[in-house]
Amino acid sequence: MRPGASLRLAWRSIRGHKLRSALTTLGVVIGIAAVIAFVTLGASLQAGIIGDISPDDQRNVYGWAADPDTEGGPLAGAQPIFSQDDLESVEELEEVEAAYGYAPIQSQSVSDGDEQIAQGDGLIASGPSYIREERLADGRQFEMGEREAVINPAAAEQFEENVTVGDELTITVIGGEQTTVEVVGITDSSEGLSPFEGFESSPRIYVPTDPYYVEQAGGFGIGDGGGEDGAETNGGDGADARFIAIIVEAESTSEADIDAARESTVAYLESDAADASEFLGDDLEVTFQTSTELLQQLQDILDLLQNFIVGIAAISLLVGSIGIANIMLVSVTERTREIGIMKAVGAQNRDVLGLFLTEAVILGIIGAILGTALGLVAGYLGAWYIDLPLVYPYEYVALAIAVGILVGILSGLYPAWRAARTDPIDALRYE
Amino acid sequence: MATTDTAVSLSNVRKTYRVGEPVHALDGVSLEIPRGSYTAIMGPSGSGKSTLMNLVGCLDTPSEGDVFIDDRNVGSLSGRERTRLRGTQVGFVFQTFNLMPRLTALENVALPQLFQGADRVERRERARALLERVGLADREDHRPNELSGGQRQRVALARALVNDPAIVLADEPSGNLDTETEAEVLDLFGEFHEAGTTMVVVTHERHVAERAERIVHLLDGKIERIEELDGVTDELDSGANR
Ligand SMILES: Nc1ncnc2c1ncn2[C@@H]1O[C@H](COP(=O)(O)OP(=O)(O)OP(=O)(O)O)[C@@H](O)[C@H]1O
Ligand SMILES: [Mg+2]
């Protein structure tokens, strides 16, 4: 029997039962749509994140201390244990170019003159080189120990009159205390500067840890708030301010230098000389990672989630193929007489087998095509909703069609075999 | 023994079904059907007529004895060869028509060619010519449920002839038809017989059987007698066959 002829006959019988055929393919549609939607989203998410790492960030190592059992991205479960002394000692290590703390400060609002804007997060205390020179669109880095800030374009545009270099802002922190900063620089983009911040665009104000974080930590009743001299005089009141995270710059971006910086930093922090060491133990360990590694972690989480969805989709596909198999079996029984007629007029077993397999494969392909379309639309809407660059994973579309064919063959095989085996004499007698 | 003048030859054929007690649906039947002949088979219900037709039509194989179609021993053929022989040498016409419900008259007629690998144009031309011969040229796009009983049977007859079979088997082809349409169908049988096709027709009705050249009477799986319709009745002692 010619392939064209069996295609036409199979298509005829699918069209003869439109509703039944539609319901049959539903399982395949849902399974493939789920996979495609998630893969599209995943690819878009990846493109959105990877597109944001700047290469000069590559020699930074980001460290925090958390329970080793904690799962999650950067800073998950982090505890503030790094003292100012620790930071300075780390910076003096031979393998380390620079080291500074990182701490988000809870704020309430920011005002420019009379205009007040509520802002709960996005106030970040860190070291001057946290803002790399080439990311400054205007002005300069802030200096440690000065009441200075670098802001990003989103923060500048919040106010009716754009904030410019030289302006003074008033920041109200949690608890109502107010402090002033002079804007000395504006960055070139509103996306996060490190994995600690996340990469989405939002208004951010970067300030030196000293005085701002040191003061605030002091405000929580640890000391008087060491003020400007906290950083300079080792062991002053300000030394009680503990940082939740630490950023270490290696000598170069080479893997060897990064590893050396990381190893010596961890060795120091775990030694008795470090203030942080007293907290470290079985349930609190330091983690140091480059942003590439952190992204890898994020990627791992994404992959895990993706595997989960793909698992669910696989189950749905399995259910879908059982559905096809079931409908095909019913259809074989229903058409026993037709099969008998075909065999009586000369159909070989393989003709009948081919006919029913073709039918199952057509159903599988239709399911795959509809599922792919649905999945792409869902992925597109999702990517659009969370504002990601859209990436279509074309190779998956081909894969989905292949899976559809495979599902069709697998689920059609047994019913088709049953049909082929039908004895024409029995079949013709079948009422 | 089979000769070139014999379309079908059965020698001492036995067909036994075992449903508890063994049932001998056919019990030692020997019969030669000459090429181009017109044979009717009669007998009471359960006498083995359909079983005989299935054997002659290559749908079934005997439990004992040999069936030759076109000088080939059906029992020694593989399932595939048997199907092929059936597809090319045998045309079936059934009491219940057995047309494919979703296919049009033309497609039904063309169906057997499909399994012999004929191409589309060839299939349609041949099917159209046959529909014309059975007088249904204007009904080619009708589905079976849009045709009358007689028309359906004519479609079935056209289908039986489409692969130019050596032999056409009809199992109670007029059982569901009124007298007038029955006559139409039987006239066609006569025409095809005239054209050289070997016809075998199972029937309960004497006037249908009388259109044939001879009548084989079956009783309890045995040939009771063979009646030659040129007047001579050839009494057959089944014992002599053994
Ligand atoms: N598949 C089967 N299994 C068991 N017995 C069968 C089977 N097919 C036929 N028989 C038996 O064989 C005998 C002959 O059956 P067959 O169908 O050949 O009769 P028939 O002469 O065609 O009768 P009718 O005129 O009613 O069609 C019957 O007794 C029947 O019960
Ligand atoms: Mg019968």
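What you see is a predicted model; the values in this text were computed from it and never measured.

As a further point, take the sheet that holds strand 4 (residues 64-69) of chain B. Sheets are built from strands paired through backbone hydrogen bonds, the pairs being either parallel or antiparallel. All names here are of chain B. Spatial ordering of the open sheet is given by 2-1-4-5, a layout of four strands whose pairing is antiparallel. The open sheet terminates on both sides in strands that have one partner only, identified here as strand 2 (21-34) and strand 5 (72-73). Pairing of strand 1 (residues 6-19) with strand 4, which is carried by five bridges, proceeds in the antiparallel orientation. Paired with leucine 10 across the strands is valine 67, a residue of strand 4. Across the sheet, helix 1 (residues 49-56) touches strand 1, strand 2 and strand 4, and the angle it forms with strand 1 is around 125°.

A word on the packing of aromatic side chains. Using the criterion set out here, one finds nine aromatic pairs over all chains in the structure. Where Tyr100(A) meets Tyr130(A), the ring centres are 6.4 Å apart and the plane angle is 85°; that geometry is what we call edge-to-face. Separated by 30 residues along the polypeptide, Tyr100(A) in strand 3 (residues 96-105) and Tyr130(A) in the loop between strand 6 (123-126) and strand 7 (136-139) bring together distant segments of the chain. Taking relative accessible area as the criterion, Tyr100(A) reaches 5% and is therefore assigned buried. Exposure remark for Tyr130(A): the relative accessible area of 2% places this residue in the buried category. Taking the centre distance of 5.4 Å and the plane angle of 10° together, the rings of Phe92(B) and Phe94(B) count as stacked. The class for Phe92(B) is buried, based on a relative accessible area of 7%. Overall, the relative accessible area of 11% leaves Phe94(B) in the buried class.

Residues and elements named next belong to chain B. One can describe the packing of helix 3 (residues 105-114) onto helix 5 (residues 149-161) by two numbers: an axis separation of 7 Å at closest approach and a directional angle of 30°. As summarised for this structure, helix 3 and helix 5 are arranged roughly parallel, according to the angle between their axes. Between helix 3 and helix 5 the crossing geometry is right-handed. In this structure, helix 3 contributes Ala105, Asn108, Val109 and Pro112 to the contact, and helix 5 contributes Val155, Ala158 and Arg159. Here the contact of helix 3 with helix 5 is composed, by residue class, of five nonpolar, one polar and one charged.

Once that is clear, we can look at the pattern of salt bridges. Scanning all chains against the criterion turns up 24 salt bridges over all chains. In this structure, Glu338(A) engages Arg102(B) in a salt bridge whose closest nitrogen and oxygen atoms are separated by 3.6 Å. Of this pair, Glu338(A) sits in helix 8 (residues 336-344) while Arg102(B) sits in the loop between strand 6 (90-94) and helix 3, placing the two residues on different chains. Here Glu338(A) matches Arg102(B) in class, with each residue buried. By sharing partners, the salt bridges in this structure join Arg14(B), Asp27(B), Glu64(B) and Lys222(B) into a single network.

The next thing to look at is the side chain of Gln113(B). Its place among the elements puts Gln113(B) in helix 3. Not counting residues within four places of it along the chain, the set of residues in contact with Gln113(B) comprises Ala118(B), Glu122(B), Arg123(B), Arg126(B), Ala127(B), Val162(B) and Asn163(B).

Moving on: the interface of chain A and chain B. Contact with chain A, which involves 25 residues of that partner, is made by 29 residues of chain B. Of the roughly 2500 Å² buried at the junction of chain A and chain B (both faces included), carbon and sulfur atoms supply 58%. There are nine residue pairs in polar contact (both at pLDDT 80 or more) connecting chain A and chain B. Going through the elements one at a time, helix 1 (3-16), helix 8, helix 9 (349-385) and helix 11 (424-429) of chain A are the ones with two or more residues in the side of chain A that touches chain B. Its residues assigned to classes, the side of chain A that touches chain B shows 11 nonpolar, five polar and nine charged.

All names here are of chain B. The local shell around ligand 1 holds 14 residues, among which Ser45, Gly46, Lys49, Ser50 and Thr51 are the closest. At 2.9 Å, a backbone N or O of glycine 46 approaches an oxygen atom of ligand 1. Between ligand 1 and lysine 49 there is a distance of 2.7 Å, counted from an oxygen atom to a side-chain nitrogen or oxygen. Notes on ligand 1: free accessible area 640 Å², of which the protein chains cover 69%. Sort the elements by how many residues they give to the shell around ligand 1 and helix 1 lands first, with three residues. For the shell around ligand 1, the per-class residue count stands at four nonpolar, seven polar and three charged.

Residues and elements named next belong to chain A. According to UniProt, the "transmembrane region" (unreviewed entry) feature falls on residues 21-45, 308-332, 352-385 and 397-417. In the segment residues 21-45, helix accounts for 100% and strand for 0%; the C-alpha atoms at its two ends are 36 Å apart. Helix makes up 100% of residues 352-385 and strand makes up 0%, while its end C-alpha atoms are separated by 49 Å.

Once that is clear, we can look at the confidence of the model for chain B. All names here are of chain B. In the predicted model, chain B carries a mean pLDDT of 89, and 93% of its residues have values of at least 70. Across chain B, the element-wise mean pLDDT spans from 51 in strand 11 (residues 233-235) up to 96 in strand 3 (residues 38-42). Considering only residues more than four positions removed or in separate chains, one finds that residues 236-242, a stretch of pLDDT under 50, has nine contacts. Scored as a whole, the predicted complex attains pTM 0.70, and scored at its interfaces, ipTM 0.89.

Looking now at the nonpolar core. Ranked by internal contacts, the top residues of the largest apolar core, which has 69 residues, are Phe356(A) and Leu111(B). Those residues in contact with Phe356(A) that sit more than four places away from it in its chain are Met328(A), Ser331(A), Val332(A), Arg335(A), Ile339(A), Ala416(A) and Ala419(A). Formed by 48 residues, the second largest nonpolar core is a distinct cluster that contains Leu123(A), Ala149(A), Val207(A) and Phe288(A).

Let us now look at helix 6 (residues 255-270) of chain A. The first and last C-alpha atoms of helix 6 of chain A sit 22 Å apart over 16 residues, in line with the 22 Å expected at 1.5 Å per residue. What helix 6 of chain A keeps buried is the set Ile258(A), Ala261(A), Arg262(A), Ser264(A), Thr265(A), Val266(A), Tyr268(A) and Leu269(A).

What follows covers the side chain of Asp171(B). Within the fold, Asp171(B) resides in strand 7 (residues 167-171). It is Lys49(B) that comes nearest to the buried, bridge-free Asp171(B) among opposite-charge side chains, at 6.9 Å.

The next thing to look at is the confidence of the model for chain A. The predicted model of chain A has a mean per-residue pLDDT of 83, with 93% of residues at 70 or higher. Confidence drops under a pLDDT of 50 for residues 219-239 of chain A, and excluding neighbours within four residues, the segment shows 25 contacts in the predicted structure.

As a further point, take unusual backbone geometry. Pro211(A) follows Asp210(A) through a cis peptide bond whose omega is 15°. Considering the arrangement of structural elements, one finds Pro211(A) in helix 5 (residues 209-222). Phi at Phe97(B) takes a positive value of approximately 65°, unusual for a residue other than glycine. Summarising the element assignment, Phe97(B) is placed in the loop between strand 6 and helix 3. The phi dihedral of Glu172(B) falls on the positive side, at around 50°, and the residue is not glycine. Within the element layout of this structure, Glu172(B) appears in the loop between strand 7 and helix 6 (179-194).

Conventions used here
- The residue numbering used here restarts from 1 in each chain and proceeds along that chain's sequence as written.
- Chain letters and ligand numbers both follow the written order, the letters beginning at A and the numbers at 1.
- The predicted origin of the model limits local features to residues at a pLDDT of at least 70 and limits the giving and counting of side-chain atom pairs to 80 or more, whereas totals for whole chains, interfaces and linings rest on all residues.
- Where side-chain values are given, they derive from all heavy atoms of the structure, hydrogens and water being excluded.
- Between any two strands, at least two bridges found by DSSP are needed for them to pair.
- A run of H or I in DSSP counts as a helix once it spans at least four residues, and a run of E counts as a strand once it spans at least two, with each numbered from the N terminus.
- By definition, residues are in contact when any of their heavy atoms lie within 4.5 Å.
- Axis angles are defined between N-to-C directions and span 0 to 180 degrees, where every axis is a line fitted to C-alpha atoms and, for a helix, only to the segment in contact.
- Side-chain rings of Phe, Tyr and Trp (the six-membered ring for Trp) are treated as a pair once their centres are within 6.5 Å; stacked means planes under 30 degrees apart, edge-to-face means over 60, and tilted covers the remaining angles.
- Between buried and exposed lies partly exposed: a residue is buried under 20% and exposed over 50% of the maximum accessible area for its type, with that area taken using a 1.4 Å probe on protein chains only.
- What sets the label is the angle itself: under 35 degrees gives roughly parallel, over 145 gives roughly antiparallel, 65 to 115 gives roughly perpendicular, and the rest give oblique.
- Handedness of a crossing is defined here by the sense of rotation of the near helix relative to the far one, left-handed for an anticlockwise turn of less than a right angle and right-handed for a clockwise turn.
- Residue polarity is assigned by list, with Asp, Glu, Lys and Arg as charged and Ala, Val, Leu, Ile, Met, Phe, Trp, Tyr, Cys and Pro as nonpolar; anything else, Gly included, falls into the polar class.
- Only one rule defines a salt bridge in this text: a Lys or Arg side-chain nitrogen within 4 Å of an Asp or Glu carboxyl oxygen.
- Note on terms: buried area is the combined drop in 1.4 Å-probe accessible area of two parts once they are placed together, counting the loss on both.
- Pairs of N or O atoms are called polar contacts if they sit within 3.5 Å, as long as, within protein, a hydrogen donor faces a hydrogen acceptor (for residues adjacent in sequence, only side-chain-to-side-chain pairs).
- Definition of nearness: a residue and a molecule or strand are near each other if at least one heavy atom of the residue lies within 4 Å of the molecule or strand.
- Throughout, the Shrake-Rupley method with a 1.4 Å probe supplies accessible areas, and for residues the shown protein chains are the sole cover considered.
- UniProt positions are given in the numbering used here, feature names are shortened, and annotations may be inferred rather than shown by experiment.
- The predictor attaches a confidence to each residue, and that confidence, scored 0 to 100, is pLDDT.
- We define the nonpolar core as a collection of buried residues of types Ala, Val, Leu, Ile, Met, Phe, Trp, Tyr and Cys that are connected through side-chain atoms lying within 4.5 Å of one another.
- In this analysis, the expected span of each helix is defined as 1.5 Å times one less than the number of residues it contains.
- Asp and Glu count as negative and Lys and Arg as positive, but His and the ends of the chain are not part of the count.

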